[in-house]
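Listed below are the residues making up each chain.
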Amino acid sequence: MSTTESQHTWPGDTLTRVPYWVYQDEANYRAELRRIFEGPVWSYVCLESDVERPGEFRTTFVGEMPVIVVRAEDGSICAFENRCAHRGALIALDDRGKARSFQCIYHAWTYDLRGNLTGIAFEKGSHGRGGMPASFCKEEHGPRKLRTTTLHGLVFASLSPQAPPIAEYLGQEILGRIERVLHRPVRVLGRFVQVLPNNWKLYFENVKDTYHASLLHAFFGTFRITRLTQGGGVIVSPDGGHHASYTIDRADDRVSTAYREQGIRSEHQNYRLADPSLLDCVDEYGDGIKLQILTVFPNFVLQQIENCLAVRQILPKGPESMELHWTYFGFTDDTPEMHRRRLKQLNLVGPAGYVSMEDGCVGGFVQRGAATAADELSVVNMGGESAESQDTRATEASVRGFWKAYRRYMGV
Amino acid sequence: MAETDPLLVSLQPLVAQLNADYARAIDDDRLEDWPEFFAEQCLYSITSTDNQRQGYPGGLMYADSKGMLQDRVAALREANIYERQSYRHLVGLPALLGETDGVVRAETPFLVVRIMRDGRMDLFATGRYLDAIVEEAGALRFRERIVVCDSSRIDTLLALPL
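Everything numeric in this text was worked out from a predicted model, so none of it was measured. (Residues numbered from 1 in each chain as written. Chains lettered and ligands numbered in written order. Predicted model: local features only at pLDDT ≥ 70, side-chain atom pairs only at ≥ 80, totals over all residues. Heavy atoms only, no water.)

J.: Help me out: how do you make sense of helix H4 (residues 200-208) of chain A in this one?
T.: One full turn of an α-helix is made of 3.6 residues, so residues set three or four places apart face in the same direction. Residue and element names in this part refer to chain A. With nine of nine residues buried, H4 is to be regarded as a mostly interior element. Here H4 has its buried residues at Trp200, Lys201, Leu202, Tyr203, Phe204, Glu205, Asn206, Val207 and Lys208. With a side-chain oxygen positioned 2.9 Å from the backbone nitrogen of lysine 201, the residue opening H4 is asparagine 199. (Buried < 20%, exposed > 50% of the residue type's maximum accessible area, 1.4 Å probe, protein only. Helix = DSSP H or I, 4+ residues; strand = E, 2+ residues; numbered from the N terminus. Polar contact = N/O pair within 3.5 Å; in protein donor to acceptor, adjacent residues only side chain to side chain.)

Now the structure itself:
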């Protein structure tokens, strides 16, 4: 038994039981922001193409810390806390823009593109009176700076000098699975934010949970985009934190009766599409993988569902609230046919997605269902007790992997 | 000026009626009637002001045929899971922007309150309908209805069409 800063305890060393207080406790949440999001992890912050040219910037968050990501004059990508060194006001107020420098609107303190404090209004006072003390050193004051790293067009940031190089952080298998999808320059097709009434971990677990996909999402099961009876598997990184799950279309599933025999809701024999062009999919990667969902601990999702591609950024907003930032994309060299296909398939995902709208509410169902069960435990036993890769998706191995990584970062 | 064009002046109340009927169909849970407000060749997309400004073509819902609209309704009835909810649309007066070759362009502001099964009521969406309207089989129909939400943020999920 070990404790966090909260009043609660963990149920021993198992990865198969998760106490509900971990989704509710305020002190534990504050500890997560410090130990995980400000700790030795890499958080996804934006696409590299979002900050293509020097001076282009984005504002986002690492955990709850407001952050500016900006392309510096020399072409490198810098990230620093969006907090004025003077009184703590936001430095940049827009979601995006282009700047030569940043100036806090409160007292006009100025920062360069690297987040260095370069100017203080009335530093020498007025008419020889007032001003900052001569001993004040601008170099010693500034917002916290983050390290950045890029990977196939993605930008990750870390506040910790201890975060290992991104390739090492992810491991070879996950790296290969990112390369598989992001092998060409991307073209953004849309951006939306979904505000979810649940703890951030419930969403991250949901994405890793291959067990629910064809059960909750009837659309998935009905149209055999993913089924537990199809081929596929779950890859879990050695540290447990990252995962990739995939489905391979396997013809023999067409005659499987497993869903029907178990009376599973998602078996709809008579459900057909009036316009089946939505499912006019092509194997653009040439490997037969219809679906690949990938996560990078603690806040990133890369999704390929047929030809529908998106990245999702998870932003915690308190113990029982989070935001999911969707970026839909294709590639700059998509043919008109592929572009149109992707626009249609966007119906599959996002806040109104045929196969993802349920994920927006199911976390809230858990949050509400377990409201008074802080010390009760959820059961994560599908596929055994380990957090290792498996060649089935009827497993919760990657969810257990999440808890393995979580407990190490949290020290519990 | 659009308001002085006699054709547009005469069409304005008809477009307002079309919008009123459209909103009632959704708010009364007659979703099966919803595709009937569209022409056979149609485009329906839900986007946001910011996405539009950025030139992003993707939508939260995207249908380029009447069949895709019917599929959306079928999915809501048969496949998708969401808590019982309904909308109350308040649709403003349409501004008729012009007419070319029988296609009338209109812009209409809307506001949607979402009522959840437990009685919670929230301002769920505000925005503009950007429409291309044609006459088909003796009635006005949407050839194109682009729903431009003022905000890109959606609370929990977007189940029903706007």
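The structure having been displayed, the exposition proceeds.
J.: It is not clear to me how the sheet that holds strand E8 (residues 110-111) of chain A should be interpreted in this structure. Could you clarify?
T.: Two orientations exist for strands paired in a sheet by backbone hydrogen bonds: parallel and antiparallel. All names here are of chain A. The three strands are arranged E7-E8-E9 in an open sheet whose pairing can be described as antiparallel. The open sheet has two edge strands, strand E7 (102-103) and strand E9 (117-119), and neither has a second partner. As defined by bridge partners, E7 adjoins E8 across two bridges and the pair is classed as antiparallel. Each residue of the ladder has a partner; that of glutamine 103, found in E8, is threonine 110. (Pairing = 2+ DSSP bridges.)

J.: How do you make sense of empty space enclosed by the protein when you look at a structure like this?
T.: Left-over empty space is what a probe sized like a water molecule reveals as it rolls over the atoms. Across all of its chains, the model carries three cavities of 30 Å³ or more by this definition. Its boundaries defined by the atoms lining it, the largest cavity holds a volume of some 210 Å³. Lining the largest cavity are 20 residues, and of these A:Val207, A:His212, A:Ala213, A:Phe220 and A:Ile293 lie nearest its centre. Going through the elements one at a time, H4, strand E14 (243-248) and strand E15 (289-296) of chain A are the ones with two or more residues in the lining of the largest cavity. Roughly 50 Å³ of volume is contained in the second largest cavity. If you trace the second largest cavity, you find it lined by A:Asn347, A:Tyr354, B:Trp34, B:Tyr44, B:Met61, B:Tyr62, B:Ala63, B:Met68, B:Leu69 and B:Arg72. For the lining of the second largest cavity, the secondary-structure elements that each account for two or more residues are strand E2 (62-63) and helix H3 (66-79) of chain B. Broken down by element, the residue count for the lining of the second largest cavity peaks at three residues, all from H3(B). Of the residues that constitute the lining of the second largest cavity, the class distribution is eight nonpolar, one polar and one charged. (1 Å grid on protein atoms, 1.4 Å probe; cavity = no way out; pocket = protein on both sides within 12 Å on 5 of 7 lines; lining within 4 Å. Points joined across faces, edges and corners; volume = space filled by probe spheres on them. Nonpolar A, V, L, I, M, F, W, Y, C, P; charged D, E, K, R; others polar.)

J.: What should I look at first to understand the nonpolar core in this one?
T.: A general feature of soluble globular proteins is that nonpolar side chains tend to end up buried together. Of all hydrophobic cores here, the largest spans 140 residues; its most connected members are A:Ile178, A:Phe219, A:Trp403, B:Tyr44, B:Leu158 and B:Leu162. Ranked by size, the runner-up nonpolar core spans 18 residues in total, among them A:Phe57, A:Ile91, A:Tyr111 and A:Leu113. (Core = buried A, V, L, I, M, F, W, Y, C linked by side-chain atoms within 4.5 Å.)

J.: Quick question: what am I supposed to make of the packing of aromatic side chains here?
T.: Two measures describe an aromatic ring pair: the distance that separates the ring centres and the angle between the ring planes. All names here are of chain A. In total, this model carries 33 aromatic pairs over all chains according to the counting rule given. With centroids separated by 6.0 Å and ring planes inclined at 80 degrees, the aromatic side chains of tryptophan 200 and phenylalanine 402 adopt a geometry described as edge-to-face. Note that tryptophan 200 is positioned in helix H4 and phenylalanine 402 in helix H10 (residues 397-410), a separation of 202 residues in sequence. Each member of the pair, tryptophan 200 as well as phenylalanine 402, carries the same accessibility label: buried. (Phe/Tyr/Trp six-rings, centres within 6.5 Å; stacked < 30°, edge-to-face > 60°.)

J.: What should I look at first to understand the interface of chain A and chain B in this one?
T.: Quoted interface sizes are often the accessible area lost when the parts come together. Taken together, the 41 residues of chain A in the interface contact 37 residues of chain B. Here chain A and chain B share an interface that buries about 3400 Å² over both sides, 52% of which is from carbon and sulfur atoms. Considering only the side of chain A, the residues that lose the most area to chain B are A:Phe192, A:Tyr354 and A:Met357, jointly responsible for 17% of the buried surface there. Where chain A packs against chain B, one counts five salt bridges. Among the ionic pairs, B:Asp64 bridges to A:Arg340, the shortest N-O distance being 2.8 Å. In terms of residue count, strand E12 (residues 186-196) of chain A provides more of the side of chain A that touches chain B than any other element does, 10 residues in total. Class assignment of the residues belonging to the side of chain A that touches chain B gives a composition of 23 nonpolar, seven polar and 11 charged. (Contact = heavy atoms within 4.5 Å. Buried area = accessible area lost by both parts, 1.4 Å probe. Salt bridge = Lys/Arg side-chain N within 4 Å of Asp/Glu carboxyl O.)

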